[in-house]
2 protein chains.
Amino acid sequence: MHLTKSDIEGLDRVKRLNMINSVTGIKPANLIGTTTSPPTPSRIESGTGFLRGEGSKGNSNLAIFSSVVHLGSNPALLGFILRPTGEVPRHTYENILATGVYTINAIPQDKIEAAHLTSAKYDRSISEFEECGFTEEYLEGFAAPFVQESPLKLGMKYLETIPIPINGTALVIGSVEHLIVADEAVAKNGYINLETLHLAGISGLNSYYSLEKMGEFPYARVALSGQ
Amino acid sequence: MHLTKSDIEGLDRVKRLNMINSVTGIKPANLIGTTTSPPTPSRIESGTGFLRGEGSKGNSNLAIFSSVVHLGSNPALLGFILRPTGEVPRHTYENILATGVYTINAIPQDKIEAAHLTSAKYDRSISEFEECGFTEEYLEGFAAPFVQESPLKLGMKYLETIPIPINGTALVIGSVEHLIVADEAVAKNGYINLETLHLAGISGLNSYYSLEKMGEFPYARVALSGQ
């Protein structure tokens with residue numbers, strides 16, 4: 001099948017959405033957590049370092065994103081693509097601007113259906129944590145909710161938004177302030193094994209894939225003559 | 001394991017690179033193809049629509065990227081993250097600026113080792129196509145080489161580069177001019193099945209994963225009362 005630009009423009013809208021959202025290949029599956037009013041911790045969960053509290057009901061927000069992208073390791077910076085204003089509610093982004101922080105939580109395979117549900121357009125007063133069956137967790141002094149069910153969680157500090165005027169999207173940039181991951185998935189050299197964590201990937205707008213590690217290759221160097 | 005920002009800053013450089021490149025989850029595996037001098041087609045490969053030619057030896061470039069990201073479907077726009085100048089040779093980017101076009105080619109599982117080799121720092125006069133065992137293909141009137149071995153190929157027109165000053169990277173944006181994919185992987189609704197295409201995903205800088213489709217969920221809507 002060979003489609004030119006004008007063939008693509010002539011596709012039915014839904015077919016074009018599905019196809020063009022698929023062409024980049026597999027995408028990371030993450031939930032971004034925010035709130036406008038973090039709860040007062042009522043108790044400490046022993047051993048985890050996380051706090052739980054009452055009081056954030058209805059003010060927290062959880063949304064699935066497949067566009068989280070690595071920008072740099074030192075400092076550790078990540079970005080994600082924000083859809084145009086007006087196209088979708090931007091509770092996540094408004095909360096990020098209000099509090100300056102957010103969390104990025106990798107989606108495990110056994111939570112893909114619940115995670116997909118967060119893409120529905122809930123009223124601002126509804127928490128997708130409660131509605132979709134996820135549990136809020138907080139770190140002391142960090143005003144964004146982590147997803148207890150995720151085995152790889154990042155606490156992010158908002159840095160800036162870079163507009164992409166050509167289609168009204170934007171790149172939202174943050175720095176990694178906290179990295180929480182199950183010990184058994186981290187190799188001595190720092191690599192995190194996504195299969196050990198049973199993480200999922202996304203294709204298009206609604207297809208989910210499991211991941212199996214095939215191999216790991218050394219840093220590629222050009223062979224010198226005689227070597 | 002819980003690392004704070006200062007723990008991350010205190011890691012050994014290689015360990016930090018490995019870990020922070022892993023935290024976003026699975027990443028798409030694509031080869032970007034460019035050339036400064038497309039060959040004169042010497043013959044037409046019957047049935048494929050592609051042209052082959054002699055003459056581009058040493059002037060073509062092929063490089064692996066894990067940062068290709070969807071920006072929009074109408075128009076169909078994709079971006080990728082460019083590392084800072086000076087950190088790596090930017091033959092790919094220089095060729096894109098010179099010709100205005102490039103290709104994005106999804107990496108199949110049986111080519112991950114060859115694809116990984118393109119990340120070595122070859123001299124400008126060396127073609128990674130030849131060096132790593134890939135075959136150049138051209139469309140008439142489109143001056144960038146496609147990868148014959150890829151089952152999902154995009155011909156891209158360069159549009160603009162958006163600088164990310166905070167760490168010297170940039171977002172390179174292009175529009176999809178050609179989409180070439182194996183028919184059997186495209187569903188009626190437009191979705192492209194990545195498992196049918198045997199595509200790979202990347203984690204970190206050097207780990208490769210196979211993909212298995214788990215499920216597909218309908219467009220998520222909030223249930224109305226009584227429904």
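Because the structure is a prediction, the values reported are computed rather than measured. Within each chain, residue numbers correspond to sequence positions counted from 1 in written order. Working convention: letters from A go to chains and numbers from 1 go to ligands, in the order in which they are written. Thresholds applied to this predicted model are a pLDDT of at least 70 for local features of residues and 80 or more for the giving and counting of side-chain atom pairs; totals over whole chains, interfaces and linings are not thresholded and use all residues. Calculation of side-chain values draws on the structure's entire complement of heavy atoms; hydrogens and water are dropped beforehand.

Asks: What am I meant to see in the interface of chain A and chain B here?
Replies: Interface size, as often reported, equals the accessible area lost upon joining of the parts. Residues are treated as being in contact if the distance between any of their heavy atoms lies within 4.5 Å. Contact with chain A, which involves 97 residues of that partner, is made by 97 residues of chain B. Buried surface at the junction of chain A and chain B, summed over both partners, amounts to about 8,600 Å²; 63% is from carbon and sulfur atoms. On the chain A side of the interface with chain B, the three residues burying the most area are A:Met1, A:Tyr191 and A:Phe217, jointly 9% of the side's total. One speaks of a salt bridge when a side-chain nitrogen belonging to Lys or Arg is within 4 Å of a carboxyl oxygen belonging to Asp or Glu. Across the pair B:Glu177 and A:Lys5 runs a salt bridge, and its minimum N-O distance is 3.7 Å. Nitrogen and oxygen atoms within 3.5 Å of one another constitute a polar contact, given that in protein one can donate a hydrogen and the other can accept it, and given that sequence-neighbouring residues count only through two side-chain atoms. Where chain A touches chain B, the interface holds 44 residue pairs in polar contact (both at pLDDT 80 or more). The class makeup of the residues in the side of chain A that touches chain B is 51 nonpolar, 30 polar and 16 charged. Note: two strands are recorded as paired if DSSP finds a minimum of 2 bridges between them. Secondary structure counts use DSSP, requiring at least four H or I residues in a row for a helix and at least two E residues in a row for a strand, with both numbered from the N terminus. Two strands pair when backbone bridges link them, and strand S15 (residues 207–216) of chain A and strand S15 (residues 207–216) of chain B are joined in this way by 9 bridges, in the antiparallel orientation. Looking at the pairing, A:Glu212 lines up with B:Ser210 of S15(B). Here the quantity called buried area is the total loss of accessible area, with a 1.4 Å probe, experienced by two parts when brought into contact, counted for both. Note on residue classes: Ala, Val, Leu, Ile, Met, Phe, Trp, Tyr, Cys and Pro are nonpolar, Asp, Glu, Lys and Arg are charged, and everything else, Gly too, is polar.

Asks: Got a minute to help me understand the confidence of the model for chain A in this structure?
Replies: Detailed reading of the predicted coordinates is not advisable wherever pLDDT is low. Of all residues in chain A, 88% attain a pLDDT of 70 or more, and the chain-wide mean is 90. Confidence metrics for the complex model read pTM 0.93 and ipTM 0.92. Each residue carries a pLDDT score, the predictor's own confidence in it, on a scale running from 0 to 100.

Asks: What is the right way to look at the relation of the copies chain A and chain B in this model?
Replies: Copy one and copy two of the chain differ by a rotation about an axis and a translation along that axis. To superpose the copies, least squares is applied to the C-alpha atoms of every residue with a pLDDT of at least 70 in both. Screw-axis analysis of chain A against chain B gives a translation of 0.0 Å along the axis, an RMSD of 0.0 Å, and a rotation angle of 180 degrees. As the rotation angle and translation indicate, the two copies are arranged about a two-fold axis. Interface overlap between copies: 100% of the residues of chain A at the interface are likewise at the interface in chain B, consistent with a symmetric, same-surface contact.

Asks: I would appreciate a short explanation of the pattern of salt bridges in the present structure.
Replies: Once the charged atoms of two side chains with opposite charge are near each other, the side chains can pair. Residues and elements named next belong to chain B. Under the defined criterion, the tally for this structure stands at 8 salt bridges over all chains. Between Glu137 and Lys153 there is a salt bridge, with the nearest N and O atoms lying 3.5 Å from each other. Linking Glu137 in strand S10 (residues 136–139) with Lys153 in strand S12 (residues 152–164), this pair joins segments that are 16 residues apart in sequence. With respect to class, Glu137 is no different from Lys153; both count as buried. One salt bridge in this structure joins Lys213 and Glu216, with 2.6 Å as the shortest N-O distance. Buried residues are those whose accessible area, probed at 1.4 Å on protein chains only, stays under 20% of the maximum for their type, while exposed residues exceed 50% and partly exposed ones sit between those limits. Accessibility expressed as a relative area gives 38% for Glu216, which makes it partly exposed.

Asks: Where do I start with the pairing of strand S3 (residues 30–35) of chain A in this structure?
Replies: Within a regular strand, side chains alternate between the sheet's two faces. All names here are of chain A. Of all the 6 residues making up S3, 6 are buried; the element is thus mostly covered by neighbouring parts of the structure. Taken together, the 4 bridges between S3 and strand S9 (residues 101–106) define a ladder with antiparallel strand orientation. From the neighbouring strand, Ile32 faces S9, where its bridge partner is Ile104. As paired elements, S3 and strand S6 (residues 60–65) share 6 bridges and run antiparallel to each other. Looking at S6, one finds that Asn30 is bridged to Phe65.

Asks: Teacher, can you tell me more about the side chain of B:His70 here?
Replies: In this fold, B:His70 is placed in strand S7 (residues 69–73). Classification of B:His70 as buried rests on a relative accessible area of 10%. At 3.5 Å, the side chain of B:His70 forms a polar contact with the backbone oxygen of A:Ile20. In this structure the side chain of B:His70 is engaged in a polar contact, spanning 3.5 Å, whose partner is the side chain of B:Ser73.

Asks: What is the right way to read helix H2 (residues 13–20) of chain B from this model?
Replies: Since the α-helix packs 3.6 residues into each turn, any two residues three or four apart lie on the same face. By the burial criterion, the buried members of H2(B) are B:Arg16, B:Asn18, B:Met19 and B:Ile20. Against the buried residues of H2(B) lie strand S7 (69–73), strand S8 (76–82) and strand S13 (169–181) of chain A together with strand S1 (2–4) and helix H1 (5–9) of chain B.

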